Amino acid sequence: MKILLVTGQLAKNLVRKYANESNVNFEIEDLPISVASLLTPRYILSELKARNIKDFDMIMIPGLISGDVSLIDEIGIPTFKGPRYAADIPLVLDMINKVKLSKTLPADDLLKEELRRRAIKEIKAVEKRKKDLLKNPWNMLINTLAIGKDFPSRIMAEIVDAPRLTDEEIIRKARYYVSSGADIIDIGMIAGESRPKDAERAVKAVRSAVDSLISIDTLDPKEAEAAVLAGANLILSVDGSNAKEMASFASDVAVVVIPTDHDKHLFPKEPIERINLIEENIRKARDLGMKKIIADLILDSMISPGFLDSIVSFYEFRKREPNIPLLMGVGNITEMTDADTVGINALLAGIAAELGASILLTTEVSDKSKGSVRELSFASKMMFLAKKRSSVPKDMALDLIIMKDKKSREEPYDKNIEEGVKIVESKGAKLRKLDPKGSFKILIDRDEKKIVALHYPSYKSDKYDLIIKGKNAEEIYRTIIDLGLISLYDHAAYLGSELQKAQIALDTGKSYLQDMPLFSKVNNTF
């Protein structure tokens, strides 16, 4: 197959550089326009006709070009949109026979979506085999949810201190967690208190709002019993001190057994002691009639008391008890580490996949951990797929790369462009003139996922007269222009900068404060 790559003057060398990395026969036609994104389908058609282009199997034009490129087919060669960025050209060219390109959508979007669709299909195929896979002794069915080594790690999201919340707050959190990918909603009770009525109330509130499994997170048998009678499917947790009391109502629900005995103040740190105690507690639970048992060796926070010993406990227990499902409380790590959660959750999901952990429990208590349920849900599927394919978790069209790029698409800066051209170094910001059209206060409506601009008719006014809401910065500033609410260049530039900051904050979960930097510079000097 021979492909013609159409581009502009500034990008031609970059296009050639990346196209040479592919295994496809190609030629480049650079049209007499500097920026490729300014090309139009009609202009391209005119230029290619004038150049008598022929003997190509396909024409690929830049993905940044607007509109439908179908009219270029008039020259007798099928034409499609290529990728937006030159760096993606090799991937697109090498998969040209595997993915059907589009005349309206950029190829990089199409390709990524197709690869992602295939990955998701592969994961869903496992769920369709649930009945057969449940025959394996290391898998378990809890109500309708299958857990075990043959399935992705299921995500349990805890509603922390549920008794202190109203029904409406509980329902809102449950719906949010389920929409974020949670498979199980965990009702977190308050340690040291016994509030069975609140346990019942919380379970009923969750059950009224979502169809997911519900767990009760307590060591108090009275709270656990109230929750089970209200419809809870799983109990966290059974240990040496409460197993006998839990047994009277826990024979038909799943239970999580932990390596503690609170009556005797036992919680071993050494892996072998921890394993011996949890095995003793599991035997006790079985003898008392509990059938669906899940083990939680308890994942400790890093450094203090120490992450590694707890991981060793999980690892050694897994070797001794390969058929008992594992629960890992990864929220202990994300909440207790001042680092972005997305990378931590990916790493923890990878560790869990290697261990064959069935359930990952997390929370979103601190602001820095917001989004952890969604991140962990995605990461668990990503790691499951890598394990299923016996590959590293890379190049699967599923990734958690958010703040950086998998591959740089930035156009390199060539110092040669400065030759013969006057260079002006920017100066410090001057005090802006006050716009007679008024001023704006920028906010974010997290519930509606929108940017908000409050318009004040004058700088002396403390009362806004208009609220403009939109999903992105461009919607807002175009509306402001259309309404004639801005009249000075520097005010427009300032407003555009602030609205873009607000959009980034909305997309990433960062806090937005007008006139303040969105990201702090990393101080790595000591």
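For the structure itself, look to the data block above.
Chemist: Tell me about the overall build of the protein chain, and name the residues and values.
Modeler: When helices and strands are counted, the protein chain shows 16 helices and 17 strands. If one aligns the C-alpha atoms of the protein chain with their principal axes, the spans along those axes are about 85 × 65 × 50 Å. Out of the 526 residues belonging to the protein chain, those deemed buried represent 48%. Relative to all contacts within the protein chain whose residues are 6 or more apart in sequence, the contacts with residues 24 or more apart total 58%. Surface accessibility of the protein chain: about 28600 Å² in total, with carbon and sulfur atoms responsible for 53%. Charge separation in the protein chain, taken as the distance between the mean sites of 79 positive and 79 negative side-chain charges, equals 3 Å.

Chemist: Tell me about the nonpolar core, and please be specific about residues and values.
Modeler: By size, the foremost hydrophobic cluster in this structure holds 76 residues, and its most contacted members are Ile235, Met290 and Met328. It is helix α13 (residues 341-355) that provides the largest number of residues to this core, a total of eight residues. Those residues in contact with Met328 that sit more than four places away from it in its chain are Leu299, Ile311, Phe314, Ile351, Ala352, Leu355, Ala357, Ile359, Leu360 and Leu361. Judged by nonpolar contacts, the second largest core, of 23 residues, contains Ala19, Val24, Met60 and Ala87.

Chemist: Got a sec to walk through helix α6 (residues 167-179)? Specific residues and values, please.
Modeler: Across its 13 residues, α6 extends 18 Å between first and last C-alpha, which sits within 8% of the 18 Å expected from 1.5 Å per residue. Among the residues of α6, those classed as buried are Ile170, Ile171, Ala174 and Tyr177. Projected down its long axis, α6 shows its buried positions confined to an angular sector of 130°, all on one face. In α6, the exposed positions that point more than 90 degrees away from the buried face belong to Glu168 and Arg172. Positive phi appears at Gly181, one or two residues downstream of α6, with a value of about 115°.

Chemist: Residues and numbers for a nonpolar patch on the surface, please.
Modeler: A cluster of nonpolar residues, Ile402, Met403, Ile504 and Phe519, forms a patch on the protein surface that exposes about 370 Å² of accessible area. The topology assignment puts Met403 in the loop between α14 (372-389) and β15 (439-445).

Chemist: Outline the side chain of Thr362, supporting the account with residue identities and numerical values.
Modeler: Within the fold, Thr362 resides in strand β14 (residues 359-362). Excluding residues that lie within four positions of it along the chain, Thr362 makes contacts with Met156, Ala157, Glu158, Val330, Gly331, Thr334, Ser372, Val373 and Leu376.

Chemist: Explain the packing of α13 against α14 to me, using residue names and the numbers behind them.
Modeler: The geometry of α13 relative to α14 is characterised by a closest axis approach of 8 Å and an angle of 40° between their N-to-C directions. When the interaxial angle is binned, α13 and α14 end up oblique. Crossing of α13 over α14 shows right-handed handedness. Contacts between α13 and α14 pair Thr341, Val342, Asn345, Ala346, Ala349, Gly350, Ala353 and Glu354 from the former with Ser372, Glu375, Leu376, Ala379, Ser380, Met383 and Lys387 from the latter. Split into classes, the residues belonging to the contact of α13 with α14 amount to seven nonpolar, five polar and three charged.

Chemist: Outline the sheet that holds strand β11 (residues 254-257), supporting the account with residue identities and numerical values.
Modeler: In spatial order, the strands read β12-β11-β10-β9-β8-β7-β14-β13; together these eight strands make up an open sheet with parallel pairing. Strands at the two margins of the open sheet, each flanked by one partner only, are β12 (292-295) and β13 (327-329). The sheet shows a mean angle of 25° between the axes of neighbouring strands, taken without regard to direction. Note that strand β8 (residues 184-188) and strand β9 (residues 213-217) share five bridges and pair parallel. From the neighbouring strand, Ile185 faces β9, where its bridge partner is Ile214.

Chemist: I'd love a proper account of α14, names of residues and values included.
Modeler: End to end, α14 covers 25 Å across 18 residues, agreeing with the expected 26 Å (1.5 Å per residue, within 8%). Listing the buried residues of α14 in full gives Ser372, Val373, Glu375, Leu376, Ser377, Ala379, Ser380, Met382, Met383, Phe384, Leu385 and Ala386. Among the structural elements, α4 (107-128), β7 (154-159), α6, α12 (331-335), α13 and β14 are those in contact with the buried residues of α14. Looking at the residues trailing α14, positive phi occurs at Ser390, about 55°.

Chemist: Requested: an account of the sheet that holds β15, with residues and values cited.
Modeler: The strand order across the open sheet built from three strands is β15-β16-β17, with neighbouring strands paired in antiparallel fashion. At either end of the open sheet lies a strand with only one pairing partner, and these are β15 and β17 (466-470). Going across the sheet, the axis of each strand differs from the next one's by a mean of 25°, ignoring polarity. On the sheet, helix α15 (residues 473-482) packs against β15, β16 (450-456) and β17 and is oriented at approximately 145° with respect to β17. Against the sheet, helix α16 (residues 489-508) touches β15 and β16, its axis set at about 10° to β15.

Chemist: Go over the packing of aromatic side chains, please, and point to the residues and values.
Modeler: Following the criterion strictly, the structure yields two aromatic pairs and no others. Consider the rings of Tyr176 and Tyr177, whose centres lie 5.5 Å apart with planes at 45°: the pair is tilted. Assessed through its relative accessible area of 34%, Tyr176 is described here as partly exposed. Classification of Tyr177 by relative accessible area gives buried; the value is 3%. Between Tyr456 and Tyr464 the ring centres are 5.8 Å apart and the planes differ by 85°, which places this aromatic pair in the edge-to-face class. By relative accessible area, Tyr456 is classed as buried at 13%. Judged by its relative accessible area of 32%, Tyr464 is partly exposed. Of note, Lys463 hangs over the ring of Tyr464, and the distance from its end group to the ring centre comes to 4.7 Å.

Here is what the cut-offs are and how they apply
Residues numbered from 1 in each chain as written. Predicted model: local features only at pLDDT ≥ 70, side-chain atom pairs only at ≥ 80, totals over all residues. Heavy atoms only, no water. Helix = DSSP H or I, 4+ residues; strand = E, 2+ residues; numbered from the N terminus. Buried < 20%, exposed > 50% of the residue type's maximum accessible area, 1.4 Å probe, protein only. Contact = heavy atoms within 4.5 Å. Areas by Shrake-Rupley, 256 points an atom, 1.4 Å probe, with all protein chains shown as cover. Lys, Arg positive; Asp, Glu negative; His and termini not counted. Charge placed at Lys NZ, Arg CZ, Asp CG, Glu CD. Core = buried A, V, L, I, M, F, W, Y, C linked by side-chain atoms within 4.5 Å. Expected span 1.5 Å × (residues − 1). Arc of directions from axis to C-beta. Patch = residues over 30% accessible without salt bridge, like charges linked within 9 Å, V, L, I, M, F, W, Y side chains within 5 Å. Salt bridge = Lys/Arg side-chain N within 4 Å of Asp/Glu carboxyl O. Axes fitted to C-alpha atoms, helices over the stretch in contact; angles between N-to-C directions. Parallel < 35°, antiparallel > 145°, perpendicular 65-115°, else oblique. Left-handed = near helix turned anticlockwise from the far one by under 90°. Nonpolar A, V, L, I, M, F, W, Y, C, P; charged D, E, K, R; others polar. Pairing = 2+ DSSP bridges. Phe/Tyr/Trp six-rings, centres within 6.5 Å; stacked < 30°, edge-to-face > 60°. Lys NZ or Arg CZ within 6 Å of the ring centre and 35° of its normal.

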